[in-house]
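# Observations on the model geometry
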Amino acid sequence: MPFDFKKEYKDLYLPKRKASVVEVPPMTFFAVAGTGDPNEPDGAYSKALELLYGLSYTVKMSKMGAWQPEGYFDYVVPPLEGLWWAGVGAFDGASVADKNALSWVSLIRQPDFVTSEVFVWVCAELAKKKPALAEACEPALGGHAEGVPRLVRFAEGPCVQIMHCGPYDDEPETIAKLTAYTQDEKLICDIAEGGESPEGHAATGAFDAAAVLAALDANGAVPTVRLHHEIYLGDPRRTRPENLKTVIRHPVRRA
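What you see is a predicted model; the values in this text were computed from it and never measured. (Residues numbered from 1 in each chain as written. Predicted model: local features only at pLDDT ≥ 70, side-chain atom pairs only at ≥ 80, totals over all residues. Heavy atoms only, no water.)

### Considering the layout of surface pockets
Selection rule: With a 1 Å grid laid over protein atoms only, a set of points is called a cavity when a 1.4 Å probe fits there but cannot get out and a pocket when it is open yet has protein on both sides within 12 Å along at least five of seven lines; lining residues have an atom within 4 Å of a point. Grid points are joined across faces, edges and corners, and a volume is the space filled by probe spheres set on the points. In DSSP terms, a helix is any run of H or I states spanning at least four residues, a strand is any run of E spanning at least two, and both are numbered starting from the N terminus. Throughout this entry, Asp, Glu, Lys and Arg are counted as charged residues, while Ala, Val, Leu, Ile, Met, Phe, Trp, Tyr, Cys and Pro are counted as nonpolar. The remaining residues, Gly among them, count as polar.
In this structure, the largest pocket spans a volume of roughly 1,100 Å³. Around the largest pocket sit 38 residues that line it, and Tyr45, Leu80, Tyr168, Tyr232 and Pro236 are the ones nearest its centre. Every element with two or more residues in the lining of the largest pocket is listed here: helix 3 (44-60), strand 3 (80-85), helix 6 (171-184) and strand 8 (228-232). Here the lining of the largest pocket takes 6 residues from helix 3, the largest share from any one element. Its residues placed into classes, the lining of the largest pocket shows 22 nonpolar, 6 polar and 10 charged. Computed from the structure, the second largest pocket encloses a volume of approximately 280 Å³. Forming the walls of the second largest pocket are 13 residues, and the residues nearest its centre are Lys47, Ala132, Leu133, Ala136 and Gly147. Within the residue set of the lining of the second largest pocket, elements represented by two or more residues are helix 3 and helix 5 (134-137). Ranked by residues supplied to the lining of the second largest pocket, first place goes to helix 3 with 5 residues. Residues belonging to the lining of the second largest pocket are distributed by class as follows: 8 nonpolar, 1 polar and 4 charged.

### A few points about the side chain of Glu156
Heads up, the rule is: Think of a polar contact as two N or O atoms within 3.5 Å of one another; within protein, one of them needs to be a possible hydrogen donor and the other a possible acceptor, and neighboring residues in sequence only count if both atoms come from side chains. Residue contacts are defined here by distance: any two heavy atoms, one from each residue, within 4.5 Å place the two residues in contact.
Secondary-structure assignment places Glu156 in the loop between strand 5 (150-154) and strand 6 (157-165). Side chain to side chain, Glu156 and Arg249 meet in a polar contact 2.8 Å long. Setting aside chain neighbours within four positions, we find Glu156 in contact with Val24, Pro25, Val222, Arg226, His229 and Arg249.

### Some words on the confidence of the model for the protein
Let me state the cut-off plainly: pLDDT measures how confident the predictor is about each residue, on a scale from 0 to 100.
With 91% of its residues at a pLDDT of 70 or more, the protein has an overall mean of 89. Every residue in residues 200-204 scores below 50 in pLDDT, and together they form 11 contacts with partners more than four places removed in sequence or on other chains.

### Things to note about the packing of aromatic side chains
Any pair of aromatic rings gets described here by the distance separating the centres and the angle formed by the planes. The line we're drawing: Here a pair means two rings of Phe, Tyr or Trp (six-membered ring of Trp) with centres within 6.5 Å. Their orientation is stacked below 30 degrees between planes, edge-to-face above 60, and tilted elsewhere. Relative accessibility under 20% of the residue-type maximum defines a buried residue, over 50% an exposed one, and the middle range a partly exposed one, all with a 1.4 Å probe and only protein chains included. Charge-over-ring placement is defined geometrically: NZ (Lys) or CZ (Arg) within 6 Å of the ring centre, and within 35 degrees of the ring normal.
Inspection of the entire model under this criterion finds 16 aromatic pairs. Arranged with centres 6.3 Å apart and planes meeting at 20°, the rings of Phe5 and Tyr9 form a pair that is stacked. Look at Phe5 and you get buried, because its relative accessible area is 5%. On the accessibility criterion, Tyr9 (33% relative accessible area) is partly exposed. Grouping aromatic residues by their ring pairs yields a cluster made of Phe3, Phe5, Tyr9, Tyr72, Phe73, Tyr75 and Phe113. Above the ring of Tyr75, the side-chain terminus of Lys60 is found at 5.7 Å from the ring centroid. Here Arg109 stacks its cationic end above the ring of Tyr9, 5.1 Å away from the centre of that ring.

Next up, the structure:
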């Protein structure tokens, strides 16, 4: 049986519809940073997902080829995740006035056998298999520009989370429950502030994908930048909106 991260780590991927506290350990991700409306056809977000899934399935399907990463085991590709922010202040996802103003980091978790060497290999393999993605893959270890993948490893540490069931646009009601729980437990929401970039750029400043991904890549530690986090357990292309399930997670600290 392929290893299924969702089933093995139910505390991280299958919370109840009632808010709870969770300690999130170090994990390795393929990550792409960008800006703009995630619903835009053929937009930056759509291209980021194509890239992330392409890289992730290239690693998984290496079992069929002549070379596999050291320590390889068969597994189910983990779900898509997203870190989100927009505008001045701490963005908690409760209000999105303009989806074009959103900034995001899209991520897919990788097994720990995916090292920097494996990342170089998988980028080269995907570039050969899908020439349309070669432009994004080639500079992956260089400039870390917008739309370019990076391998990052970080922990989230103490968080509160809740399962949202239903359309994404209905998330504010669930987030309100999460916020109320945070306050009841005398915790402080630790989402970073800072406009266009969680590094502290002005809201009118240029988006800096390199700074965002560098801030996240904390070598397994909790980064100084902590953001509104969503984990997508359903595929909106194949799932009716009312049946979608999304883990909503906020970083916290003790008062």
